[in-house]
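Here are the chains, one letter per residue:
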Amino acid sequence: MNENELKIKVNELRQEGYGYKRIAKELSITIGTVRYVCLELETTGNCKNCNTKIKSTKGKKKKLFCSDKCRLQWWNNNPSKVNKKAYYTHECNHCHKEFTAYGNSKRLYCSQECYINSKKSNEVNDDEAR
Ligand SMILES: [Zn+2]
Ligand SMILES: [Zn+2]
């Protein structure tokens, strides 16, 4: 088994909640090797967007993207996968469609367009009321 295969296997077992000891036994390798592979897994990863290999500094938070550009691109492409906790669902005041905004936003409209349209229709209503 080469190192890559080993990494994949160790990763799989780790995902299933196996401890170092059990992984070592399962793959007939030493615990030291498991530890080494796990460390490697923790400090290396692939950019979620372009799949480029990235190495993060040990002890620091694992990087998910190779660059800010990739992060923004991925977020734009995967709005539903973005950290839900930081996002709140609001109902657009104009079209009543649900939209998500970052944080406890005061945003009232799903888009600039709705905002403008809403202003416009309010003006019309005002005129009619007069
Ligand atoms: Zn990338
Ligand atoms: Zn809207």
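The notes below deal with the structure included here.

Quick look at the overall build of the protein chain now. A count of helical and extended segments in the protein chain gives five helices and four strands. For the protein chain, the sequential pattern of α-helices and β-strands runs α-α-α-β-β-α-β-β-α. Expected size for 130 residues packed as a compact globule is a radius of gyration near 14 Å; at 24 Å, the protein chain overshoots this value by more than 25%. Along the longest, intermediate and shortest principal axes, the C-alpha atoms of the protein chain span 85 × 25 × 25 Å. Every one of the 130 residues in the protein chain was classed for burial, and the buried ones make up 7%. A separation of at least 24 residues holds for 16% of the contacts in the protein chain among residues at least 6 apart in sequence.

What counts, and where the lines are drawn
- Residues numbered from 1 in each chain as written.
- Chains lettered and ligands numbered in written order.
- Predicted model: local features only at pLDDT ≥ 70, side-chain atom pairs only at ≥ 80, totals over all residues.
- Helix = DSSP H or I, 4+ residues; strand = E, 2+ residues; numbered from the N terminus.
- Rg over C-alpha atoms; globule rule 2.2 N^0.38 Å.
- Buried ≥ 20, exposed ≤ 12 C-beta atoms within 10 Å, placed from the backbone.
- Contact = placed C-beta atoms within 7 Å.

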